[in-house]
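# Chain and residue survey
Spelled out, the chains give:
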Amino acid sequence: MRPLEIVIEGVDPFPLLGHNDAHLRLIEEAFSSRIVLRDGRLIIIGGDQKGAKWVLSECIAHLKENKRLDSNDVQTIIRLSHISPERPGRKAGKSNLELMTPKVVIRPRSKNQLDYFKLVKENDLVFAIGPAGTGKTYLAVAFAVTELEQGGVERIVLARPAVEAGESLGFLPGDFKEKVDPYLRPLYDALFDMIPPERLRRLLGQKIIEVVPLAYMRGRTLNNAFVILDEAQNTSPDQMKMFLTRLGIDSRAIVTGDITQIDLPDKSQSGLVIIQHILAGIDGVQFIYFSRQDVVRHRLVKDIIAAYETFEKLGDEPSEK
């Protein structure tokens, strides 16, 4: 089999190859290939050469668009290459598996993320349930920003319940806004990743994008909006009903949460737990479930989640040694 080649153009080779060629080693191992840098070209020898070439092309595209590439990015691109035999990705024109935000282009990074993309495109209400680090909220914000950019909606509303994990709002310093802002910070962080700061401040000031505590949703009707409820495991059944009945004409919603991290006194009364039974089978409503295999953070996060799952299944207190 003749070697395949890919020309490195428009990017710095060092972040593409990784420290001590660590990124190349990951790709070589995944596709049983040998990759050699020669005169600005990467030569792919043996193994699944087409698979390795596709991953290298995606790594170059990711580096061009995001100005960075780390080992987690490379590993998730490798996983994406195995989602289907066609290896969905960069063809003529923009792929329907891309979210074009003003600052970054975002693509699915696991099989469940790919399914998430498809469900959101085809349904007005999607529930994304799974552990931390699986991209549930980040992708939800990306869907909303993309819809706003393309004129599909006129505004975005992002909400979170202000439920404390062992803390009390009353004992925190500052006024009400200063007390609740820390709970909303992850939503702001996602927005700042996707929209230039000055423009984002303008959109927030004009209320085209709102980031609010869930309690602020009561009594509103949201037309032509993309609405996101994050940390929904900490809603009561009444709060969940209140949120879902805010949807107006031409609106869409995503609800995200992790039912293994409920901070309510009675975990069985989580609105996210109960809603799975109430809305099962309703046309236009879909549920997507993520697992630790979808984690796209540091590699240790998967192992930490697995360790907690094992501990909780045992149901025992740690034994004394």
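See above for the structure.
The notes below deal with the structure included here. Just so you know, these numbers come straight off a predicted model, no measurement behind them.

What follows concerns the nonpolar core. In terms of nonpolar packing, the biggest core is built from 36 residues, with Tyr116, Phe143, Leu158, Leu191, Met194, Ile209 and Phe226 touching the most fellow members. Setting aside residues up to four positions removed in sequence, isoleucine 209 forms contacts with Leu148, Ile156, Leu158, Leu191, Ile195, Leu200, Leu203 and Leu204. Listed in part, the 24 residues of the second largest apolar core include Phe127, Ala225, Leu244 and Val285.

Moving on to the sheet that holds strand β9 (residues 225-229). Across the sheet, six strands lie side by side as β8-β7-β9-β10-β6-β11; this open sheet has parallel pairing. Edge strands, defined here as strands with exactly one partner in the open sheet, are β8 (209-213) and β11 (285-289). With direction set aside, neighbouring strand axes in the sheet form an average angle of 15°. Bridging between β9 and strand β10 (residues 252-257) involves four bridges; their strand directions are parallel. Across the sheet, residue valine 227 finds its bridge partner in β10, namely alanine 253.

This part covers the packing of aromatic side chains. The full count for this structure, using the stated rule, is five aromatic pairs. Plain terms: the ring middles of tyrosine 116 and phenylalanine 290 are 5.4 Å apart, the flat faces sit at 75° to each other, and that makes the pair edge-to-face. Pair noted here: tyrosine 116 is in helix α5 (residues 111-122) and phenylalanine 290 is in the loop between β11 and α11 (299-314), with a separation of 174 residues, a long-range link. Phenylalanine 290 gets classed as buried once you look at its relative accessible area, which sits at 7%. Aromatic pair phenylalanine 117 and phenylalanine 143: ring centres 5.2 Å apart, planes at 75°, arrangement edge-to-face. With phenylalanine 117 in helix α5 and phenylalanine 143 in helix α6 (residues 136-149), this residue pair connects regions lying 26 residues apart in the sequence.

Turning our eyes to something else, we now look at the pattern of salt bridges. Applying the stated criterion across every chain yields a total of 11 salt bridges. Two residues, glutamate 5 and arginine 41, come together in a salt bridge whose shortest N-O distance is 2.8 Å. With glutamate 5 in strand β1 (residues 4-7) and arginine 41 in strand β3 (residues 41-45), this residue pair connects regions lying 36 residues apart in the sequence. Since its relative accessible area comes to 39%, glutamate 5 is described here as partly exposed. By sharing partners, the salt bridges in this structure join Asp21, Arg25 and Glu28 into a single network.

With antiparallel pairing, the three strands of this open sheet are ordered in space as β1-β3-β2. Each end of this open sheet is capped by a strand with a single partner; those strands are β1 and β2 (34-38). If you compare each strand with its neighbour and ignore which way they point, the axes differ by 25° on average. As paired strands, β1 and β3 are joined by four bridges and run antiparallel to one another. Within β3, the residue paired with isoleucine 6 across the bridge is leucine 42. Along the sheet face, helix α2 (residues 22-31) touches β2 and β3 and points at about 145° away from the line of β2. Across the sheet, helix α3 (residues 49-66) is in contact with β1, β2 and β3; its angle to β1 comes to roughly 5°.

For strand β7 (residues 155-160), the buried fraction is high: five of the six residues fall into the buried class. In this structure, β7 lies alongside β9, joined through five bridges in parallel fashion. By the bridge assignment for β9, isoleucine 156 is matched with phenylalanine 226. Pairing between β7 and β8: five bridges, direction parallel. Looking at the pairing, leucine 158 lines up with valine 211 of β8.

Glancing now at the side chain of asparagine 123. As for its position among the elements, asparagine 123 is in the loop between α5 and β6 (125-129). For asparagine 123, a relative accessible area of 11% gives the class buried. Among the polar contacts listed, one links the side chain of asparagine 123 to the backbone oxygen of leucine 119, at a separation of 2.9 Å. In this structure, asparagine 123 is in contact with Arg252, Gly284, Val285 and Gln286, ignoring residues within four places of it in sequence.

Right, let's talk about the environment of lysine 207 for a bit. Locating lysine 207 in the fold gives a position in the loop between α8 (197-205) and β8. Spatially, the C-alpha atom of lysine 207 lies 8.8 Å from that of valine 157, the residues being 50 residues apart in sequence.

Running from N to C, α5 and α6 cross one another at 35°; their axes reach a closest spacing of 11 Å. For α5 against α6, the interelement crossing comes out right-handed. Side by side, α5 and α6 meet where Gln113, Tyr116, Phe117 and Val120 of the first sit next to Lys136, Leu139, Ala140 and Phe143 of the second. Partitioning the contact of α5 with α6 into residue classes produces six nonpolar, one polar and one charged.

Parameters and conventions
- Residues numbered from 1 in each chain as written.
- Predicted model: local features only at pLDDT ≥ 70, side-chain atom pairs only at ≥ 80, totals over all residues.
- Heavy atoms only, no water.
- Core = buried A, V, L, I, M, F, W, Y, C linked by side-chain atoms within 4.5 Å.
- Buried < 20%, exposed > 50% of the residue type's maximum accessible area, 1.4 Å probe, protein only.
- Contact = heavy atoms within 4.5 Å.
- Pairing = 2+ DSSP bridges.
- Helix = DSSP H or I, 4+ residues; strand = E, 2+ residues; numbered from the N terminus.
- Axes fitted to C-alpha atoms, helices over the stretch in contact; angles between N-to-C directions.
- Phe/Tyr/Trp six-rings, centres within 6.5 Å; stacked < 30°, edge-to-face > 60°.
- Salt bridge = Lys/Arg side-chain N within 4 Å of Asp/Glu carboxyl O.
- Polar contact = N/O pair within 3.5 Å; in protein donor to acceptor, adjacent residues only side chain to side chain.
- Left-handed = near helix turned anticlockwise from the far one by under 90°.
- Nonpolar A, V, L, I, M, F, W, Y, C, P; charged D, E, K, R; others polar.

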